[in-house]
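Residue strings, one per chain:
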Amino acid sequence: MRPPTEVLALAALSAWACQTPPEPAEAEPVPAAVSVQLPQELRRCQPYAADPPVLAYCVAGEASSVWRTPVDVVCAHAGQYADLCRQNWAAAAAKHDRTRTLDELLPACGSDQDCAFEVLDTRLYLDPLAIAARCAADVPRHEEDCIGHAVGFWVAKTPDLSGLDQVLAHGERFPGKVGYHLGTLVGCRELGACPKQGQLGDWCRRRVKGVTAAPATCQQPGGPTLVGWKR
Amino acid sequence: MTVLLPLLLGLACGTPEPVAEPPPDCASLTPQATADRCWMDQLLGLPHDPVGAVVETARRIQDPVIRGAAVFGWIDLNATKSAPADAARVCEVLEGPNRRICDRRQKSWHLQR
């Protein structure tokens, strides 16, 4: 029995519908690569000027070499890596130009607290307890580590104990970190004494016990890189 | 018949299985910058695991700037998925000042908490 004419017609129609290649889509216009003209200081990045992510990375790296140029000029071309650019710039400016103050340097970091933390570390050699006093305001997210670096540096400089009250006050808030360094002061430098009570005293005595058992650990300042410090 | 028409057409056409395009052969591209950019695009598409494939692809990129942009881009894309130790391994293929910050971000205690 032959199939009805309508069915044959439909089968032919469906086969035709599926085999017909779709109309070629009109090609989307390819945007021409926009090439940025960079300031002379960033000429090493000019070859990447038409490739935004690569240009941004290049400028961020160059920032550590062109720290004499204002950060806003340099990092205007750093796109998605503006934070990396600012940290490289601020760390280099702080390291190479010791006349620049923290109040001049920190605005370069914007809201990046790790950048600010790194910049504060570069000025520990001047007055570590003055840096400790700035930690809460300048790097609240890393305050405990910032205080730890500062007190560790203060101990490493063999302090005259005039700042001990300030150190003890920080120890009220961060007994673990400060107690460790206080224990180094007491156990390794034979200066001061651990507080008789409280967590700060407990942490301090724990460290004293540690260095008494293993005096070689006195040579480990507890983590911070003591930038600029000379004994 | 009017009812059957869309049904027949649907059955006949179906949905074709997507065919994965093979990755381009970056090594055959010239000049070197074009090959490097090709490797960068491939690297950015790699998953967070295994990290060895990321390191291997990064090492194929000869231009250190393009290599760095690829690595930082990959770390940004995979920041919440990859372990700091894996990201630190990727930092090792970098050169220059950005390497310092890459290491700092992956290894510093204060940034891991």
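What comes next concerns the included structure. Bear in mind the structure is a predicted one, so any value in this text is a computation, not a measurement. (Residues numbered from 1 in each chain as written. Chains lettered and ligands numbered in written order. Predicted model: local features only at pLDDT ≥ 70, side-chain atom pairs only at ≥ 80, totals over all residues. Heavy atoms only, no water.)

Observations regarding the overall build of chain A
Helix and strand counts for chain A come out as 12 helices and zero strands. Taken from N to C terminus, the helices and strands of chain A fall in the order α-α-α-α-α-α-α-α-α-α-α-α. By the burial criterion, 44% of the 231 residues in chain A qualify as buried. When contacts within chain A are restricted to residue pairs at least 6 apart in sequence, those whose partners lie at least 24 apart make up 51%. A total accessible area of about 12800 Å² is found for chain A, and carbon and sulfur atoms account for 56% of it. (Helix = DSSP H or I, 4+ residues; strand = E, 2+ residues; numbered from the N terminus. Buried < 20%, exposed > 50% of the residue type's maximum accessible area, 1.4 Å probe, protein only. Contact = heavy atoms within 4.5 Å. Areas by Shrake-Rupley, 256 points an atom, 1.4 Å probe, with all protein chains shown as cover.)

Some points on the packing of helix α11 (residues 175-188) of chain A against helix α12 (residues 198-213) of chain A
Residue and element names in this part refer to chain A. Where α11 meets α12, the axes come as close as 7 Å, and the angle between the chain directions of the two elements is 45°. As far as their axial angle goes, α12 and α11 are oblique. As for the relative orientation of α11 and α12, their crossing is right-handed in sense. Here Pro175, Gly176, Val178, Gly179, Tyr180, Leu182, Gly183, Thr184, Val186, Gly187 and Cys188 of α11 lie close against α12, whose contacting residues are Gln199, Leu200, Trp203, Cys204, Arg207, Val208 and Val211. Among the residues forming the contact of α11 with α12, the class breakdown is 11 nonpolar, six polar and one charged. (Axes fitted to C-alpha atoms, helices over the stretch in contact; angles between N-to-C directions. Parallel < 35°, antiparallel > 145°, perpendicular 65-115°, else oblique. Left-handed = near helix turned anticlockwise from the far one by under 90°. Nonpolar A, V, L, I, M, F, W, Y, C, P; charged D, E, K, R; others polar.)

Quick word on the side chain of A:Asp121
Note on placement: A:Asp121 falls in helix α6 (residues 113-121). Although A:Asp121 is buried, it forms no salt bridge, and the closest oppositely charged side chain is B:Arg104 at an N-O distance of 5.3 Å. Here the side chain of A:Asp121 touches A:His149 through a polar contact of 2.9 Å, side chain to side chain. (Lys, Arg positive; Asp, Glu negative; His and termini not counted. Salt bridge = Lys/Arg side-chain N within 4 Å of Asp/Glu carboxyl O. Polar contact = N/O pair within 3.5 Å; in protein donor to acceptor, adjacent residues only side chain to side chain.)

Digging into the state of the cysteines
According to the stated counting rule, one finds eight disulfides over all chains in the structure shown. Between the sulfur atoms of A:Cys75 and its disulfide partner A:Cys85 the distance amounts to 2.1 Å. Between A:Cys75 and A:Cys85, the S-S dihedral sits near -90°, and the bridge is therefore left-handed. Taken as a pair, A:Cys75 in helix α3 (residues 71-75) and A:Cys85 in helix α4 (residues 82-96) lie far apart in primary sequence, 10 residues in all. Residue A:Cys85 is classed as buried on the basis of its relative accessible area of 0%. In this model, B:Cys26 is linked to B:Cys38 through a disulfide, with the two sulfur atoms separated by 2.0 Å. On the sign convention where negative is left-handed, the bridge of B:Cys26 and B:Cys38, at about -65° about the S-S bond, is left-handed. Note that B:Cys26 is positioned in the loop between α1 (4-13) and α2 (32-44) and B:Cys38 in helix α2, a separation of 12 residues in sequence. B:Cys26 gets classed as buried once you look at its relative accessible area, which sits at 0%. (Disulfide = S-S within 2.5 Å.)

As for the pattern of salt bridges
According to the stated counting rule, one finds 16 salt bridges over all chains in the structure shown. A:Glu62 is the salt-bridge partner of A:Arg44, the closest N and O atoms lying 3.6 Å from each other. Here A:Arg44, found in the loop between α1 (5-19) and α2 (52-62), pairs with A:Glu62, found in helix α2; they are 18 residues apart in sequence, far enough to count as distant. Judged by its relative accessible area of 11%, A:Glu62 falls in the buried class. Residues joined in a network through salt bridges with shared partners are A:Asp51, B:Arg37 and B:Asp41.

Some thoughts on the environment of A:His170
All names here are of chain A. If you trace the backbone, histidine 170 turns up in helix α10 (residues 164-173). Relative accessible area serves as the criterion here: at 16%, histidine 170 is assigned to the buried category. Residues contacting histidine 170, with those up to four places away along its chain left out, are Ala132, Ala133, Ile147 and Val178.

Observations concerning helix α4 (residues 64-77) of chain B
Across its 14 residues, α4(B) extends 20 Å between first and last C-alpha, which sits within 8% of the 20 Å expected from 1.5 Å per residue. Counting buried positions along α4(B) yields 11 of 14 residues, so the element is predominantly enclosed. Every buried residue belonging to α4(B) is among B:Val65, B:Ile66, B:Arg67, B:Gly68, B:Ala69, B:Ala70, B:Val71, B:Phe72, B:Gly73, B:Trp74 and B:Ile75, and all of these are buried. Buried-residue contacts for α4(B) involve α2 and α4 of chain A together with α2, α3 (51-60), α5 (84-91) and α6 (97-107) of chain B. (Expected span 1.5 Å × (residues − 1).)

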